[in-house]
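Residue-level listing of the chains:
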Amino acid sequence: MEQLAKNLLALRETKKLSREKVSRVLELSAKTYERYEKNEGDPTAPTLVKLADLYGVTLDQLVGRAPLPPAEEGR
């Protein structure tokens with residue numbers, strides 16, 4: 001899910017959040033979240049829902065089936 005990894009990084013940077021902050025919200029280790037951004041692991045379905053809620057996007061946008069909102073595109 002390479003597009004998911006790219007979107008997670010773009011969304012986190014746009015929202016000016018650290019990996020540590022996101023991992024605390026998701027109740028994961030920072031290393032686990034880092035793996036998602038590096039395309040070294042895939043989040044579970046419940047984690048995907050939490051990520052979409054955190055970043056204010058749909059699941060389709062998060063996984064690359066629909067474009068991200070304009071502020072997050074092009075990253």
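Residues numbered from 1 in each chain as written. Predicted model: local features only at pLDDT ≥ 70, side-chain atom pairs only at ≥ 80, totals over all residues. Heavy atoms only, no water.

Draft legend 1. Spatial organisation of the packing of helix α2 (residues 19–26) against helix α4 (residues 45–55). Running from amino to carboxyl end, α2 crosses α4 at an angle of 125°, the nearest separation of the two axes being 10 Å. Taken together, the axes of α2 and α4 lie oblique to each other. Between α2 and α4 the crossing geometry is right-handed. Residues Val22, Val25 and Leu26 of α2 form the contact with α4, whose participating residues are Thr47, Lys50, Leu51, Leu54 and Tyr55. Of the residues that constitute the contact of α2 with α4, the class distribution is six nonpolar, one polar and one charged. (Axes fitted to C-alpha atoms, helices over the stretch in contact; angles between N-to-C directions. Helix = DSSP H or I, 4+ residues; strand = E, 2+ residues; numbered from the N terminus. Parallel < 35°, antiparallel > 145°, perpendicular 65-115°, else oblique. Left-handed = near helix turned anticlockwise from the far one by under 90°. Contact = heavy atoms within 4.5 Å. Nonpolar A, V, L, I, M, F, W, Y, C, P; charged D, E, K, R; others polar.)

Draft legend 2. Fine view of the side chain of Arg12. With respect to the helices and strands, the residue Arg12 is situated in helix α1 (residues 2–14). Among the polar contacts made by the side chain of Arg12, one reaches the main-chain carbonyl oxygen of Leu17 at a distance of 3.0 Å. Contact partners of Arg12, with chain neighbours within four places excluded, come to Leu17, Ser18, Arg19, Val22, Tyr33, Glu37 and Tyr55. (Polar contact = N/O pair within 3.5 Å; in protein donor to acceptor, adjacent residues only side chain to side chain.)

Draft legend 3. Fine view of α2. Buried residues of α2: Val22, Ser23 and Leu26, and no others. Across the axial projection of α2, the buried residues extend over an arc of 100°, all falling on one side. Buried-residue contacts for α2 involve α1, α3 (30–37) and α4. Following α2 by one or two positions, Glu27 adopts a phi angle in the positive range, close to 60°. (Buried < 20%, exposed > 50% of the residue type's maximum accessible area, 1.4 Å probe, protein only. Arc of directions from axis to C-beta.)

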